[in-house]
Amino acid sequence: MLEIEIDGKKAQVADGSTVMDAASQLGIYIPHFCYHKKLSIAANCRMCLVQVEKAPKPLPACATPVTNGMKVFTHSELAITAQKGVMEFLLINHPLDCPICDQGGECQLQDLAVGYGQSGSRFTEEKHVVFHKNVGPLISMEEMSRCIHCTRCVRFGQEVAGVMELGMVNRNVHSEITTFVGKTVDSELSGNMIDICPVGALTSKPFRYSARTWELQRRKSVSPHDATGANLTVQVKGDVVKRVLPFDNENVNECWISDKDRFSYESLNSAERLLKPMLKQGGQWQEVEWNVALDYVAHGLRSIAKDAGGDQIATVVSPHATLEEMYLAGRIARALGSDNIDFRLRQQDFRADAQRAGAAPWLGLPLADLSNVEAALIVGGFLRKDAPLVAQRLRYAARNGAEVYSVNVTSDDSLIKHAGMIYTAPGQLVAALAGVVRAAAEIKGVQASALATLGQAGELERKIATSLIGDGQLDAGPRAILLGNVAVQHPDYSLLEQLAGELATITGASAGSVGEAANSVGGYIAKANPQQGGRDAARLFAEPRKAYVLFGCEPSLDVANPAQALRALNAADMVVQFATFKDADALAYADVLLPLSPFTETSGTFVNGEGVAQSFVGVVRPAGNSRPGWKLLRVLGNLLNVERFDYQSSEEVRNEILGADNTLPEGSLAGALPVTATSITVLQGAGLQRIADVPIYFADALVRRSPSLQKTRDAQAPVARMSASTLASVGAAEGRSVRVTGSEGAATLNAVLDNTVPDGCVRIAAAHPSTATIGALNDMIVVECV
């Protein structure tokens, strides 16, 4: 520890700290632009110049290391003069357009110009003008003359997003921040550049000119998308959500959010919003009052339960629903005599449920620990797109020396520095992970399971196992094995989970699942899955029921086999859809549509991937006649005479599940599964193996209806991606149309050359209308030239 004195205040700081760090510790503000706590030090704005005793000239506080006994003066005459001089230089080319600038009212330059600027300019020459640039649908770079070249955006891309999409060209007064020639900004974290820009150079295109910062009310919320549970600040004007920003939480999302968290709010005001209850009568949809709609639902469900038995009723809940909604849906289903309820809609293998004994698969360690891992193995997942903030933490760890490996179905660039990668066809994924387990067992001198002997322990497998075993040092960071979405949706997920548990037991690492949705863990806690032998998500549609209650999901896009689901729904006697949006398929198969409030219009709880329950409240009033899901279910439960169902608030429901302390009951999170005798699923049929990723902006109903997100590169229509040898084997060429036929139907797509895809496989995105007819996520398919 070193001692430093700043403006007469003394502090002790760790060796290696800067003057800026020490000032922050003492609560002393030093003006700055280029410095950011999460980025490397650039020291190019010079606004943080301070006087240091015995130094011949002012020094930048952000880049000056603390020495023992150092004395610093931040408001001395020398320091103030230097800071005012820097401010004058920053303003000589800056346009005087604060009244029309979107950053007005929250601009660091504007704020500091009040204290350090002059009333007039001595610069009489012609100002340098930078022409606008089009970098995509999310970020506006139309006023780059405002840029002060702090390079925060450049460093963010390199250090946090993992891709250098912006850079600086030219020198001196002619410097410009720009993209590479003809390129757009496509990172899934790109919106954070808007937040860290200290001026109005980078602004939000969707938010542009829609409101002033002082007109907005700020309310805290939680992301409804992936299992990170990012904390949000939702900014509201009247009853309209105008903007979403990150809320700092070092243990969850730090100060970042993904673009789907930031821009999906546009869908809340979509023309597709379902705003009134609707009932199909004589084949025609009619708007009705709530009492009519709910009476119809209660009567219909009661009649089917009485005449055909409760087992003929299936409840399908979105994994993005709140904990309270899941719990109440489960209680209603069981009151009707049905245990046919599930939220794991894209999962195909449920053989591990009995071993898990109701506990939830989770991340296996705190989210914050991912930034400090010593080694990590990612199994089956497109982590960069599936969980951007998890990928960002692992990217940080890799930059600081962590060894990150992956066993995957493609060799996609995750923008994480990998120490090694195994990629193989989906049908060989179990064997690939088994090889790592076998190598670890040989290194540790223990007996591997029969399942592990399916793999071969090669050089890379031994390298991965050695890294996960670690060197045994006491101060070593955690080691993690993470199953991604591809693994969870795999036909042999139970085997992958068992192998990950065995590998964790042998190496001492943690094992867990990243989680697909906001309540992938919470669904287990709420018991929104079969508890007494009911049908799981796959069987709910494979074995059609007479009645379906669909809560917050769109089966034509959200399940593992959409074509099969639609067939079951169209054949059902009654389909009740709780929905936020009007869905064309739902208008065909549903009998009643009940308008459901999205996360901004209700209160509830999400349990993130590490098992932390985060509650939130509605930030605006429900639109139209839509209502919070928990209230709708409470009234429906009352109409069905469900016992102990007189809840007055969502908090009352939450406390019944979690208790007043809002924490998960002991034993709620699953440990490593024991390896049991199970068989490998053999993919049947001739042809090629399908690799079905769920693109980031196809993943849920909100992102699918955000106009700006749907204009991005990640939202392009699905294509058939194949390696060069696979293209040749089907007689196709890049850009040519091919007909893809699966177990349920066919689709016509463009063929694209992609050598990250293993030979004998075709990568075709799921959760899109154009590919919903093909069949299950891991179908065997036939590809023919059209």
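In this convention, every chain numbers its residues from 1, walking through the sequence in written order. Only residues with pLDDT of 70 or above have their local features reported here, since the model is predicted, and side-chain atom pairs are shown and tallied only from 80 upward, although totals for entire chains, interfaces and linings are computed over all residues. No hydrogens and no water enter the side-chain calculation; it runs on all heavy atoms of the structure.

- As annotated in an unreviewed UniProt entry, the protein is NADH-quinone oxidoreductase from Fluviibacter phosphoraccumulans.
- UniProt positions are given in the numbering used here, feature names are shortened, and annotations may be inferred rather than shown by experiment. Listed in UniProt under the heading Sequence similarities (unreviewed entry), the comment for the protein reads: "Belongs to the complex I 75 kDa subunit family."
- In its Catalytic activity (unreviewed entry) section, the UniProt record describing the protein reads: "a quinone + NADH + 5 H(+)(in) = a quinol + NAD(+) + 4 H(+)(out)".

**Some remarks on the overall build of the protein**
Then, in step 1: For the purposes of this entry, the term helix denotes a DSSP run of H or I that reaches at least four residues, the term strand denotes a run of E that reaches at least two, and both are numbered from the N terminus. Assigned secondary structure in the protein consists of 24 helices and 33 strands.
Then, in step 2: We take the radius of gyration over the C-alpha atoms and set the globule estimate at 2.2 Å times the residue count to the 0.38 power. Against the 2.2 N^0.38 benchmark of 28 Å for 786 residues, the protein shows a C-alpha radius of gyration of 28 Å, consistent with a compact globule.
Then, in step 3: Burial here depends on accessible area, computed with a 1.4 Å probe over protein chains only, as a share of the maximum for the residue type. Under 20% is buried, over 50% is exposed, and the range in between is partly exposed. For the protein, buried positions account for 61% of its 786 residues.
Then, in step 4: Here a residue-residue contact requires only that any non-hydrogen atoms of the pair lie within 4.5 Å. Taking the contacts inside the protein whose residues are at least 6 apart along the sequence as the reference set, 72% of them involve residues at least 24 apart.
Then, in step 5: Of the roughly 30,400 Å² that the protein leaves accessible, carbon and sulfur atoms contribute 51%.
Then, in step 6: Just so you know, the count uses Lys and Arg for positive and Asp and Glu for negative, and it drops His and the chain ends. We put the charge of a Lys on NZ, of an Arg on CZ, of an Asp on CG and of a Glu on CD. Measuring between centres, the 72 positive side-chain charges of the protein sit 3 Å from its 84 negative side-chain charges. Each accessible area value is a Shrake-Rupley result obtained with a 1.4 Å probe; residue values ignore everything except the protein chains displayed when judging cover.

**A word on the nonpolar core**
Soluble globular proteins: nonpolar side chains tend toward being buried together.
Then, in step 1: Working definition of a nonpolar core: buried Ala, Val, Leu, Ile, Met, Phe, Trp, Tyr and Cys residues. They are joined through side-chain atoms within 4.5 Å. If you look at the biggest cluster of nonpolar residues, it comprises 79 residues, and the most contacted ones within it are Phe33, Ile139, Phe156, Leu166, Leu202 and Val241.
Then, in step 2: Elements with a minimum of two residues in this core: helix 2 (77-91), helix 3 (108-116), strand 7 (139-141), helix 4 (152-161), helix 5 (192-196), strand 12 (231-237), strand 13 (240-246) and helix 23 (701-704).
Then, in step 3: A per-element tally of this core places helix 4 first, with 5 residues.
Then, in step 4: Not counting chain neighbours up to four residues away, the residues in contact with leucine 202 comprise Ile139, Ser140, Met141, Met144, Cys153, Leu166, Met193, Ile194 and Cys197.
Then, in step 5: In terms of nonpolar packing, the next biggest core, distinct from the first, is built from 52 residues, Leu323, Val607, Leu632 and Tyr647 among them.

**Some details on the domain arrangement of the protein**
Then, in step 1: Note that the domain bounds were set by an automatic or database domain assignment. Under the domain assignment, the protein is made up of domain 1 (2-204), domain 2 (213-267), domain 3 (278-353 + 526-658), domain 4 (367-513) and domain 5 (688-785).
Then, in step 2: Placing the centre of domain 1 and that of domain 5 at their C-alpha centroids yields a distance of 44 Å.
Then, in step 3: Accessible area, probed at 1.4 Å, shrinks when two parts are joined; the buried area is that loss added up over both. Summing both partners gives a buried area of about 480 Å² for domain 1 against domain 5, and 63% of it is carried by carbon and sulfur.
Then, in step 4: When residues of domain 1 are sorted by the area they lose upon contact with domain 5, Pro137, Leu138 and Asp186 head the list and together hold 80% of the total.
Then, in step 5: What makes a salt bridge here is a side-chain nitrogen of Lys or Arg within 4 Å of a carboxyl oxygen of Asp or Glu, nothing more. Along the contact surface separating domain 1 from domain 5 lie 1 salt bridge.
Then, in step 6: With a closest N to O distance of 3.7 Å, aspartate 186 and arginine 713 form a salt bridge.
Then, in step 7: Nitrogen and oxygen atoms within 3.5 Å of one another constitute a polar contact, given that in protein one can donate a hydrogen and the other can accept it, and given that sequence-neighbouring residues count only through two side-chain atoms. If you look at where domain 1 meets domain 5, you find 0 residue pairs in polar contact (both at pLDDT 80 or more).
Then, in step 8: Split by residue class, the side of domain 1 that touches domain 5 holds 2 nonpolar, no polar and 2 charged. Ten residues, namely Ala, Val, Leu, Ile, Met, Phe, Trp, Tyr, Cys and Pro, are considered nonpolar, four, namely Asp, Glu, Lys and Arg, are considered charged, and the remaining ones, Gly among them, are considered polar.

**A few points about helix 22 (residues 650-658)**
Then, in step 1: The set of residues buried in helix 22 consists of Ser650, Val653, Arg654, Ile657 and Leu658. For helix 22, the angular spread of the buried residues around the axis is 115°, confining them to a single face.
Then, in step 2: Structurally, helix 22 contributes buried residues whose contacts are with helix 8 (323-335), helix 16 (522-525), strand 26 (604-607), strand 27 (613-616) and helix 21 (629-639).
Then, in step 3: Following helix 22 by one or two positions, glycine 659 has its phi on the positive side, about 85°. Directions pointing from the helix axis toward each C-beta atom define the arc.

**Quick notes on the environment of leucine 593**
Then, in step 1: If you trace the backbone, leucine 593 turns up in strand 25 (residues 592-595).
Then, in step 2: Separated by 588 residues in the primary sequence, leucine 593 and glutamate 5 place their C-alpha atoms 66 Å from one another.
Then, in step 3: When neighbours within four sequence positions are excluded, leucine 593 is seen to be in contact with Leu274, Lys276, Pro277, Met278, Trp285, Gln577, Ala586 and Leu587.

**Let's talk about the pattern of salt bridges**
Then, in step 1: Inspection of the entire model under this criterion finds 45 salt bridges.
Then, in step 2: Measuring nitrogen to oxygen at the nearest pair gives 2.4 Å for the salt bridge that ties glutamate 497 to arginine 356. Of this pair, glutamate 497 sits in helix 15 (residues 493-507) while arginine 356 sits in helix 9 (residues 353-356); the two residues are 141 residues apart in sequence, bridging distant segments of the chain.
Then, in step 3: Overall, the relative accessible area of 10% leaves glutamate 497 in the buried class.
Then, in step 4: As a salt-bridge pair, arginine 705 and glutamate 554 come within 2.8 Å of each other at their nearest N and O atoms. Placement of arginine 705 in the loop between helix 23 and strand 29 (720-722) and of glutamate 554 in the loop between strand 23 (547-551) and helix 18 (555-558) is noted, with a sequence separation of 151 residues between them.
Then, in step 5: Looking at arginine 705, the relative accessible area reads 11%, which means it is buried.
Then, in step 6: One continuous salt-bridge network, built from bridges that share partners, spans Glu272, Arg346, Glu516, Glu554, Asp558, Arg704 and Arg705.

**Overview of unusual backbone geometry**
Then, in step 1: Non-glycine residue aspartate 7 carries a positive phi angle of around 50°.
Then, in step 2: Secondary-structure assignment places aspartate 7 in the loop between strand 1 (2-6) and strand 2 (9-13).
Then, in step 3: Residue classification places aspartate 7 among the partly exposed residues on the basis of a relative accessible area of 32%.
Then, in step 4: For arginine 46, which is not glycine, the phi torsion reads 65° and is therefore positive.
Then, in step 5: Note on placement: arginine 46 falls in the loop between helix 1 (19-26) and strand 3 (49-52).

**Focus: the packing of helix 8 against helix 22**
Packed helix pairs are characterised by how far apart their axes lie and by the angle those axes make with each other.
Then, in step 1: Packing of helix 8 against helix 22 brings their axes to within 9 Å, and their N-to-C directions diverge by 75°. With respect to their mutual orientation, helix 8 and helix 22 come out roughly perpendicular. Across the interface between the two elements, Leu323, Glu324, Tyr327, Leu328 and Arg331 from helix 8 touch Ser650, Val653, Arg654, Glu656, Ile657 and Leu658 from helix 22.
Then, in step 2: Residues of the contact of helix 8 with helix 22, tallied by class, amount to 6 nonpolar, 1 polar and 4 charged. To obtain an axis, a line is fitted to C-alpha atoms, over the contacting stretch when the element is a helix, and the angle between two such axes runs from 0 to 180 degrees between their N-to-C directions. Each angle receives one of four descriptions, namely roughly parallel if under 35 degrees, roughly antiparallel if over 145, roughly perpendicular if within 65 to 115, and oblique otherwise.

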